[in-house]
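Residues per chain, in single letters:
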Amino acid sequence: MLLRGGLKSLLPHVLRRIIRSNRLSISNTSGMAEGYKQANVVILHKSLADDFEKFCHANEGPLPLLYRSKPGDWKCPSLSSDSDIRTDCLQYRKYEHGACTGSLKSLKEYSEQLRDMVTFYLGCSFSFEKAVQSAGIPIRNVEQKCNVSMYKTGVPCYSISDFSCNLVVTMRPIPESKLEAVVQATSDLKAAHGAPVHMGDPGLLGIQDLSKPDYGDPVHLHPGDIPVFWACGVTGVEAVINCRAPLAFTHSPGCMFITDLKNDDVAVGSSREVPQVHCISQDPLHYSIVSAEAAQKIRTLETLIGVDPGDRGITHLLLQGELLKACLAISHARSVLVTTGFPTHFTYEPPEENDGPPGALAIAAVLQALEKEVAIVTDQRAMNLNKKIIEEAVQLGILRRPVPLLSYQRENAGSALMFLCENGNPGRPRFDHLIAIERAGMAADGNYYNARKVNIKHLVDPIDELFVAAQTIPGITTTGVGDGGNELGMGKVKEAVKKHIRNGDVIACDVEADFTIVAGVSNWGGYAIACALYILSTCETHDRYLRKAVGFPQLSKKMVWLSALPSVTKEEKLLKTLVQHGVRSGKTASLEMEVDGLPFYNTHSLMIEKLL
């Protein structure tokens, strides 16, 4: 019997002959024939072949189709010069009506049945192991001399006819410092599943216990390792099980067909498409992916909104990269809660200023277009005003439909938890992300102040408590948008506010958000979030990661997203509506400032045409 040592350097045709002769004492092909493509195998009756091929094309991440044979053809000339699919996998599985009825070393005894069956060869992540190792990244399962871990997830694949199943993924522990490197090493290897579909907490995929894989072996993480998940061709096995075909065969997970194709012939993407990795949550741990081009556009947006038209010192509050990380987190969210309202005109009725609501509605409009749930929470005293503004925003075409309007009052110590989570259960949050834009924020002494150091606490409901409670609830991230340091979420920069902003020692908000977006005018921050979400949605790298490489790209919805973006016309209509309801201006810079000869609010021409 031949042992694993030295097998990684053997040529594929030699390895196939050894496998065919049944002379290997190994349980999987990981690490063998380094640099050559390996393939998952699915063999179905010819009557099912067309639908299965469509299923593969609809889910190209887990099922990259390398070759489809003709009925009864045991060879695959485009993949190998000398092969026989009946004998050239280490082990096979036999399925009858969805049940596994045996493990086999050879399919020769089923040669008659195979005459009416079609073989599908699907890409395998074993193929990218050499590229990963060449980038200086360890392959833990190879180090530990075991099969890779494979898990069923809660992510549904795109169904075609009788083929329907959830995604299966492989997991490889990767040192945190190597995450971006491993994404870049695998992203262009589409035939080997490409870039990861998830990095971080396995629970976000519906995986409960990494020590209990559904296929393969448990692979142990080293200190500092992050679990990284790739789409897996064993998804095809799950599809075979669920279609309940009278007879089907697959490779045994980990026992791949080894092709003669090298991984060298890969079309390398441009530098603009190079993926970047960003951490968007610590609890649960979650990383996201975006192309370098999209990330740079969003950084440009961040620079544009960071100008200080009132020369108030806000440039000292700027935190680089916060807009990108905030919008990545929002992009992953299912349900978003937005709050706004700063009663700076405390001697008038209503006391609100017009900075905040337009930005909040711009965010809500894009979230609606992206088919996310969105609600707005505001002060009880301002409910009727905001209801009218939302209704007119729908009539004006700014919003597609009314946004649910909520209020929050503190009744007891658990009120915030009850508001944010179903039945107060932190394991069942109603919202994934909270956004505060130009919302009065609580200072260190428990009061709320406008820029002139006037206490306006009597006009402000304690919505800050929701942001404080969110810090203790896994799965909820928060963003604060402000332009003076006294807004909700600005606690992250409170020391800079105290040092550089007039009256900062008194007015500085004490409540932090996970992400802090500082803008010359808060509405600009809202517009930048809306535009950044559009940029992320049209980024193929990010879109693939969001949908876990199953289903089809969402770019067909681009015009719907584009129509939801803020514009000068929408802004003018909304400001007129606010004036009609007695809302006064808090800042004139938003209407007077020009950038490159264009009004700053012209986000279509300035932020969309220029950047996209």
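What you are looking at is a predicted structure, and each value in this text was computed from that prediction instead of being measured. (Residues numbered from 1 in each chain as written. Predicted model: local features only at pLDDT ≥ 70, side-chain atom pairs only at ≥ 80, totals over all residues. Heavy atoms only, no water.)

Draft legend 1. View of the domain arrangement of the protein chain. Looking at the assigned domains, one finds that the protein chain contains domain 1 (12–262) and domain 2 (288–611). Taking only C-alpha atoms into account, the centre of domain 1 sits 44 Å from that of domain 2. Taken together, the contact between domain 1 and domain 2 spans 20 residues of the former and 9 residues of the latter. When the two sides are added together, the surface that domain 1 and domain 2 hide from each other amounts to roughly 1100 Å², 65% of it contributed by carbon and sulfur. When the area that domain 1 buries against domain 2 is broken down by residue, the three leading residues are Ala 58, Val 197 and Met 199, summing to 36%. At the junction of domain 1 with domain 2, the criterion picks out 0 salt bridges. Linking domain 1 with domain 2 are 6 residue pairs in polar contact (both at pLDDT 80 or more). Those elements that provide at least two residues to the side of domain 1 that touches domain 2 are helix H2 (46–58), strand E6 (149–156) and strand E8 (198–200). Residue composition of the side of domain 1 that touches domain 2, by class: 13 nonpolar, 6 polar and 1 charged. (Domains from an automatic or database assignment. Contact = heavy atoms within 4.5 Å. Buried area = accessible area lost by both parts, 1.4 Å probe. Salt bridge = Lys/Arg side-chain N within 4 Å of Asp/Glu carboxyl O. Polar contact = N/O pair within 3.5 Å; in protein donor to acceptor, adjacent residues only side chain to side chain. Helix = DSSP H or I, 4+ residues; strand = E, 2+ residues; numbered from the N terminus. Nonpolar A, V, L, I, M, F, W, Y, C, P; charged D, E, K, R; others polar.)

Draft legend 2. Structural context of helix H10 (residues 357–369). If you check H10, its first and last C-alpha atoms are 18 Å apart, about what 13 residues at 1.5 Å a residue would give, namely 18 Å. Burial analysis of H10 places 13 of its 13 residues in the buried class, which makes it a mostly covered element. (Expected span 1.5 Å × (residues − 1). Buried < 20%, exposed > 50% of the residue type's maximum accessible area, 1.4 Å probe, protein only.)

Draft legend 3. Main features of the environment of Gly 236. Structurally, the position occupied by Gly 236 is in helix H7 (residues 235–243). C-alpha of Gly 236 to C-alpha of Cys 165: the two residues are 71 residues apart in sequence and 8.6 Å apart in space. In this view, Gly 236 contacts Val 42, Phe 52 and Leu 63; residues no more than four positions away in its chain are not counted.

Draft legend 4. The arrangement of the nonpolar core in detail. Val 290, Leu 323, Val 338, Leu 361, Leu 399, Ile 529 and Leu 533 are the most contacted members of the largest nonpolar core, which totals 64 residues. Ranked by residue count, the leading element in this core is helix H16 (residues 522–537), at 11 residues. For Leu 533, the contacting residues outside a window of four places in its chain are Cys 327, Ile 330, Ser 331, Val 366, Leu 367 and Leu 370. With 44 residues, the next largest nonpolar core counts Phe 120, Val 168, Leu 205 and Val 550 among its residues. (Core = buried A, V, L, I, M, F, W, Y, C linked by side-chain atoms within 4.5 Å.)

Draft legend 5. Structural context of the packing of H10 against H16. The interhelical angle for the contact between H10 and H16, taken along N-to-C directions, is 10 degrees, at an axis separation of 7 Å. Classified by the interaxial angle, the pair formed by H10 and H16 is roughly parallel. Along its contact with H10, which presents Pro 357, Pro 358, Gly 359, Ala 362, Ile 363, Val 366 and Leu 367, the element H16 presents Asn 523, Gly 526, Tyr 527, Ile 529, Ala 530 and Leu 533. Class assignment of the residues belonging to the contact of H10 with H16 gives a composition of 10 nonpolar, 3 polar and no charged. (Axes fitted to C-alpha atoms, helices over the stretch in contact; angles between N-to-C directions. Parallel < 35°, antiparallel > 145°, perpendicular 65-115°, else oblique.)

Draft legend 6. Inspection of the pattern of salt bridges at higher detail. Evaluated as defined, the whole model comprises 27 salt bridges. A salt bridge links Asp 432 to Arg 334, with the shortest nitrogen-to-oxygen separation between them at 3.9 Å. On the criterion of sequence distance, the pair formed by Asp 432 in the loop between helix H12 (415–420) and strand E18 (433–439) and Arg 334 in the loop between helix H9 (322–332) and strand E15 (335–341) is long-range, its members being 98 residues apart. Note on Asp 432: relative accessible area 18%, which makes it buried. Looking at Arg 334, the relative accessible area reads 42%, which means it is partly exposed. Across the pair Lys 557 and Glu 371 runs a salt bridge whose closest N-O atoms are separated by 3.4 Å.

Draft legend 7. Summary view of the confidence of the model for the protein chain. Residues at a pLDDT of 70 or more form 92% of the protein chain, whose mean pLDDT is 91. Residue range residues 588–612 is modelled with pLDDT below 50. Its contacts to residues more than four positions away, or to other chains, number 61 contacts. (pLDDT = per-residue confidence, 0-100.)

Draft legend 8. Just the sheet that holds strand E16 (residues 373–378), in detail. In spatial order, the strands read E17-E16-E15-E18-E19-E20; together these 6 strands make up an open sheet with parallel pairing. The open sheet has two edge strands, strand E17 (405–407) and strand E20 (515–518), and neither has a second partner. The mean inter-strand angle of the sheet, taken between neighbouring strand axes irrespective of direction, is 25 degrees. The sheet contact formed by E16 and E17 spans 3 bridges and is parallel. Its bridge partner lying in E17, Thr 378 is registered against Ser 407. Contacts between H9 and the sheet are confined to E15, E18, strand E19 (477–482) and E20, with E20 contributing the most and set at about 125 degrees to the helix. Helix H11 (residues 383–395) rests against E16 and E17 of the sheet, and its axis sits at about 165 degrees to E17. (Pairing = 2+ DSSP bridges.)

Draft legend 9. Region of the structure containing the pairing of E18. Of all 7 residues that make up E18, 7 are buried, and the element is covered over most of its length. Direction of pairing for E15 relative to E18: parallel, over a ladder of 6 bridges. Opposite Gly 341, over in E18, you have Arg 439 as the bridge partner. With 5 bridges connecting them, E18 and E19 associate as parallel partners. Residue Ile 437 lies in a different strand from E19, and its bridge partner there is Val 481.

Draft legend 10. Main features of H9. H9 sits mainly inside the fold: 9 of its 11 residues count as buried. Taken as a whole, H9 has its buried residues at Glu 322, Leu 323, Leu 324, Ala 326, Cys 327, Leu 328, Ala 329, Ile 330 and Ser 331.

Draft legend 11. Representation of the sheet that holds strand E9 (residues 215–216) within the structure. On the basis of which strands lie adjacent, the open sheet formed by 7 strands has the order E9-E6-E7-E10-E8-E14-E13 and antiparallel pairing. Edge strands, defined here as strands with exactly one partner in the open sheet, are E9 and strand E13 (275–282). As paired strands, E6 and strand E7 (residues 166–175) are joined by 5 bridges and run antiparallel to one another. Residue pairing in the sheet places Tyr 151 in a bridge with Val 169 of E7. H9 contacts E13 and strand E14 (285–291) of the sheet and is inclined by roughly 75 degrees relative to E13.

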